[in-house]
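Now for the letters of each chain:
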Amino acid sequence: RASKVVEEYLQENPSILEQVDDCPICLEPIFGEAGAPSFLCCGKKICRSCSDPLYDSSVSSDTCPLCRQELPSEGEQLSIVSPKAAEGKAWAQCKLGVQYDRGWWGLAVDKPKAESLFRSAADQGYSHAKFLLGVIETARANYSEACRWWEAAGSQGHMNALGHLGVNYYMGCGVAKDDM
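Residues numbered from 1 in each chain as written. Predicted model: local features only at pLDDT ≥ 70, side-chain atom pairs only at ≥ 80, totals over all residues. Heavy atoms only, no water.

Caption draft 1: Structural context of the packing of aromatic side chains. Scanning all chains against the criterion turns up zero aromatic pairs. Residue placement shows arginine 148 over the ring face of tryptophan 149; its charged tip is 4.6 Å from the ring centre. (Phe/Tyr/Trp six-rings, centres within 6.5 Å; stacked < 30°, edge-to-face > 60°. Lys NZ or Arg CZ within 6 Å of the ring centre and 35° of its normal.)

The structure is reproduced here in structure tokens:
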């Protein structure tokens, strides 16, 4: 049922598709950052269809398929992302926020720091940060605020946000119930 809500939303708001980035490899639209890995070396993202083969060990490479720089090791990632986040790069702020939220890259879990980074990225229009702020508000049982964030992310083509929004309409959480 949620997919029908998403389909109707896209039909009613066709300008969303104009705001979606295209994959620089296949030129197909990338719907939402959650399905689009970004490369820490250059910050560019590609669609899942183009990224999945990169993780196949038989074709795996140590260089970025876009900028051709050597891909950073897991230990180098924090030293690359932190300065880019401090420079105000939204993708890096969101990426670093996820690391603080989950305690990855050797960082201690720091939910307030993660939320602050997500808000900074969302203020710049980064749709995945808006989606994640919706997830945070859901954990607080603040469903109307979660739906506000998901609608904002969805208006930029973030498909996970539209899916969450559709479920909330179906269940009547934070928005008027609409199971049609």
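Caption draft 2: Looking closely at helix 6 (residues 111-123). For helix 6, built from 13 residues, the straight-helix expectation of 18 Å at 1.5 Å per residue is met to within 8% by its first-to-last C-alpha distance of 18 Å. Listed as buried for helix 6 are Ala114, Glu115, Leu117, Phe118, Ala121 and Ala122. Looking straight down helix 6, one finds its buried side chains confined to an arc of 160°; they lie on one side. Helix 6 presents Pro112 and Asp123 as exposed residues on the side facing more than 90 degrees away from its buried surface. Residues of helix 6 that are buried make contact with helix 5 (90-102), helix 7 (127-139) and helix 8 (143-154). The first or second residue beyond helix 6 is glycine 125, which carries a positive phi of 95°. (Helix = DSSP H or I, 4+ residues; strand = E, 2+ residues; numbered from the N terminus. Expected span 1.5 Å × (residues − 1). Buried < 20%, exposed > 50% of the residue type's maximum accessible area, 1.4 Å probe, protein only. Arc of directions from axis to C-beta. Contact = heavy atoms within 4.5 Å.)

Caption draft 3: Highlighting the pattern of salt bridges. Applying the stated rule across the entire model yields six salt bridges. One salt bridge in this structure joins lysine 111 and aspartate 101, with 3.1 Å as the shortest N-O distance. Of this pair, lysine 111 sits in helix 6 while aspartate 101 is found in helix 5, placing the two residues 10 residues apart along the sequence. Among the salt bridges present, the one from arginine 119 reaches glutamate 115, with a minimum N-O distance of 2.8 Å. Residue arginine 119 and its partner glutamate 115 are located together in helix 6, separated by four residues, close to a single helical turn. Here the residues in one salt-bridge network are Glu115, Arg119, Glu137 and Arg140, joined through shared partners. (Salt bridge = Lys/Arg side-chain N within 4 Å of Asp/Glu carboxyl O.)

Caption draft 4: The arrangement of the layout of surface pockets in detail. Space inside the second largest pocket adds up to approximately 210 Å³. Taken together, 13 residues make up the lining of the second largest pocket; nearest its centre are Asp101, Lys111, Leu132, Val135 and Ile136. Listing elements by their share of the lining of the second largest pocket, those giving two or more residues are helix 5, helix 6 and helix 7. In terms of residue count, helix 6 provides more of the lining of the second largest pocket than any other element does, five residues in total. By residue class, the composition of the lining of the second largest pocket is eight nonpolar, no polar and five charged. (1 Å grid on protein atoms, 1.4 Å probe; cavity = no way out; pocket = protein on both sides within 12 Å on 5 of 7 lines; lining within 4 Å. Points joined across faces, edges and corners; volume = space filled by probe spheres on them. Nonpolar A, V, L, I, M, F, W, Y, C, P; charged D, E, K, R; others polar.)

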